[in-house]
Amino acid sequence: TNKLDDAVVRAIGEAVSNLQDNGTTRAIVLRSEGAVFCDGFDVGAKPADPAKKRTRSDFESHAALVGDTLWRIWRSPLPVVAAVQGRCLAGAVYLTAVCDFMLTTPSAQIGMSELKLGMAPPLFNIFPWMMSYRAAKEFLYLGEVVDGHRAVEIGLATRCVDDEALGPESLALARRLAAMPDGVVKSMKRSVNRRW
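Overview of the structure. The structure displayed is predicted, hence computed values, not measured ones. (Residues numbered from 1 in each chain as written. Predicted model: local features only at pLDDT ≥ 70, side-chain atom pairs only at ≥ 80, totals over all residues. Heavy atoms only, no water.)

1. Considering the overall build of the chain
When its secondary structure is counted, the chain shows 8 helices and 6 strands. Secondary structure of the chain in N-to-C order comes out as α-β-α-β-β-α-β-β-α-α-α-β-α-α. The C-alpha atoms of the chain give a radius of gyration of 17 Å, which matches the 16 Å a tight globule of 196 residues would have. Expressed as lengths along the three principal axes of its C-alpha atoms, the size of the chain is roughly 55 × 35 × 35 Å. Looking at the 196 residues of the chain, the share that counts as buried comes to 41%. In the chain, 72% of the contacts between residues at least 6 apart in sequence involve partners at least 24 apart. When the accessible surface of the chain is totalled, it reaches about 10800 Å², and 55% of it is carbon and sulfur. Distance from the positive charge centre (24 side chains) to the negative charge centre (22 side chains) of the chain: 6 Å. (Helix = DSSP H or I, 4+ residues; strand = E, 2+ residues; numbered from the N terminus. Rg over C-alpha atoms; globule rule 2.2 N^0.38 Å. Buried < 20%, exposed > 50% of the residue type's maximum accessible area, 1.4 Å probe, protein only. Contact = heavy atoms within 4.5 Å. Areas by Shrake-Rupley, 256 points an atom, 1.4 Å probe, with all protein chains shown as cover. Lys, Arg positive; Asp, Glu negative; His and termini not counted. Charge placed at Lys NZ, Arg CZ, Asp CG, Glu CD.)

Now the structure itself:
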């Protein structure tokens, strides 16, 4: 399954930085290969040295890396479209939340599954501002999985499209964003995010 270990999180952050600095990219589509978008953070990842146990410092370092990557997406002048199919759980929900758009499918399974394990990471918790007060509480208190239609209803996703349309629709949205006049999307993204 697709998991967000340190290498993947670092690669996403570096890719966003490289794309926004190359002078030609005007929009980003964040997607995965296969049937699963992402199963969240790899909390069971083994340390580089198998003889050592993961320490509190390791977890703090991981959290700092995740925070840096999420802020890179949030602050990037480029619009980012998340194309979510299959499972999008735990840390992956934070990842999609900082994207400017989230397109998903009816069969998607989106949820904060780590809450069912007693974990409540205070990462980039913008959900109370994305959703209504009641919807945010239901989503965050219970940790239940919602499908693509429900994700749109509660304000978590932008649009729900058929499975086979996810790739084309995500690219079409990115192309429309890229075709906007210079500076318009960048200015509006900065304005909306700062007001949040």
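Here the narrative resumes, following the displayed structure.
2. What to know about unusual backbone geometry
Although it is not a glycine, Ala90 sits at a positive phi angle of roughly 50 degrees. Inspection of the secondary structure assignment puts Ala90 in the loop between β3 (87-89) and α3 (91-97).

3. Things to note about the environment of Ala178
Structurally, the position occupied by Ala178 is in helix α7 (residues 166-178). With 18 residues separating them along the chain, Ala178 and Cys160 place their C-alpha atoms 21 Å apart. Setting aside anything within four residues of it in sequence, one finds Ala178 in contact with Arg26 and Ala27.

4. A closer look at a positive patch on the surface
On the surface, a cluster of positive charge is made up of Lys186, Arg190, Arg194 and Arg195. Its relative accessible area of 38% is what places Arg190 among the partly exposed residues. (Patch = residues over 30% accessible without salt bridge, like charges linked within 9 Å, V, L, I, M, F, W, Y side chains within 5 Å. Salt bridge = Lys/Arg side-chain N within 4 Å of Asp/Glu carboxyl O.)

5. A closer look at a nonpolar patch on the surface
A grouping of Met180, Val184, Met188 and Val192 is seen on the molecular surface, where their side chains present a nonpolar patch of about 320 Å² in accessible area. Turning to its location among the elements, Val192 is positioned in helix α8 (residues 184-195).

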